[in-house]
Amino acid sequence: MPIAISGALHDLPLVFFDLETTGLDLRAGHRVCEVALLRVRGALVEDYLGSPLRPDRLLDPQAAAVNGFHDAELRLAPRFQSVAGRVQRMAHGAVLIAHNLPFDMAFLNAELARIGRPPLACFTLDTLVLARRLLRRPSYSLAALAEYFGLPRPTHRALADVLALRGVFQHLQVTMAELGVVTLHDALRLERGLAPGVVEPNAPPLIARALAEGRALTIRYRSRSSPESLTRTVRPIYLTNEPYGICLRAYCELRQNIRTFVLDKIEAAEIC
């Protein structure tokens, strides 16, 4: 059954998830080495999954220092294929929630693609983005937010981090409700910088068409890091309202990640 975007968040199934990986760079062949999901509806826990995974590659020393895994123990763990069906069933008909969500979604969908399964197609919320919209803190890491809210500190193991994530989200929900943000639709707008009563930003016709049709764009973009404009292929996701202007949030093929592009710095665009 399709999820109702107008539904109140506390009535919808929410899936909090976190991954541990062998390293940070998906392009370098890094893999998921632990997965955890917690599916809840209101105060009811509907399902949970936590499992180390055999990544079939060595851990980066920096990653191992953070998550505490050893290559020898991971060689005895099940492969992702053994939990893929359950991951998809838990995510079905739910809102997926993670901290720095693009990172985890990219790795999770890459694992699904490796075994010939489709990517997850769900509504998503990113607690990192929501916290930045709602709070003024020196750090927005999951550990810093958990400490701020008086929650048990996450340990960089997936299941412990998922429990911390749920607690952080519950606190953010209270702040959102005080602003009148109670539905999924409201929360998705807030994530884009659109508080209740703020009108939707207008996109230039070509970008509006790409958004409506799900088409990729080739853009020439003038970034702060380069004196000359660069040509990039991007897949638009939505427009955001930022203090420095209206922006396009899009998946950048060059960086293999989701990036934010200020509309005023896009010098040219063409639909692919």
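What you see is a predicted model, and the numbers here were worked out from it, not measured in a lab.

A. Structural context of the environment of Leu-108. Mapping Leu-108 onto the fold places it in helix α4 (residues 101-114). With relative accessibility at 2%, the residue Leu-108 sits in the buried group. Distance from Leu-108 to Gly-7, taken between C-alpha atoms, is 26 Å for residues 101 residues apart in sequence. The contacts of Leu-108, once residues within four sequence positions are left out, are Phe-17, Leu-19, Phe-80, Val-87 and Leu-120.

B. Spotlight on the side chain of His-30. You can see His-30 is positioned in the loop between β1 (13-21) and β2 (32-41). By relative accessible area, which is 5% here, His-30 ends up buried. Engagement of the side chain of His-30 in a polar contact is seen with the backbone nitrogen of Gly-23, the distance being 3.3 Å. A polar atom in the side chain of His-30 sits 3.4 Å from the side chain of Asp-60.

C. Representation of empty space enclosed by the protein within the structure. Inspection of the entire model under this criterion finds one cavity of 30 Å³ or more. Empty space within the largest cavity amounts to approximately 30 Å³. Counting only elements with at least two residues in the lining of the largest cavity, the list comes to β1 and α7 (158-178). Within the lining of the largest cavity, the residues separate by chemical class into four nonpolar, one polar and three charged.

D. Expanded view of the sheet that holds strand β9 (residues 257-262). Strands sit in the order β9-β8-β7-β6-β10 across an open sheet of five strands; the sheet is antiparallel. On the outer flanks of this sheet lie β9 and β10 (266-271), each paired with one strand and no other. Pairs of neighbouring strands in the sheet enclose a mean axial angle of 45°, with direction left out of account. Looking at chain direction, strand β8 (residues 245-252) and β9 are connected through six bridges and run antiparallel. Each bridged residue has a counterpart across the sheet, and for Ala-250 the counterpart in β9 is Arg-259.

E. Seen up close, the packing of aromatic side chains. Inspection of every chain in the model, using the stated rule, returns four aromatic pairs. Consider the rings of Phe-103 and Phe-107, whose centres lie 4.8 Å apart with planes at 45°: the pair is tilted. In this pair, Phe-103 and Phe-107 are both assigned in helix α4, four residues apart and thus about one turn of the helix distant. Assessed through its relative accessible area of 23%, Phe-103 is described here as partly exposed. Under the relative-accessibility criterion, Phe-107 is labelled buried at 2%. Of note, Arg-157 hangs over the ring of Phe-69, and the distance from its end group to the ring centre comes to 3.7 Å.

Rules and cut-offs
Residues numbered from 1 in each chain as written. Predicted model: local features only at pLDDT ≥ 70, side-chain atom pairs only at ≥ 80, totals over all residues. Heavy atoms only, no water. Helix = DSSP H or I, 4+ residues; strand = E, 2+ residues; numbered from the N terminus. Buried < 20%, exposed > 50% of the residue type's maximum accessible area, 1.4 Å probe, protein only. Contact = heavy atoms within 4.5 Å. Polar contact = N/O pair within 3.5 Å; in protein donor to acceptor, adjacent residues only side chain to side chain. 1 Å grid on protein atoms, 1.4 Å probe; cavity = no way out; pocket = protein on both sides within 12 Å on 5 of 7 lines; lining within 4 Å. Points joined across faces, edges and corners; volume = space filled by probe spheres on them. Nonpolar A, V, L, I, M, F, W, Y, C, P; charged D, E, K, R; others polar. Pairing = 2+ DSSP bridges. Axes fitted to C-alpha atoms, helices over the stretch in contact; angles between N-to-C directions. Phe/Tyr/Trp six-rings, centres within 6.5 Å; stacked < 30°, edge-to-face > 60°. Lys NZ or Arg CZ within 6 Å of the ring centre and 35° of its normal.

Keep in mind that these numbers describe shape and distance, not what the molecule does.
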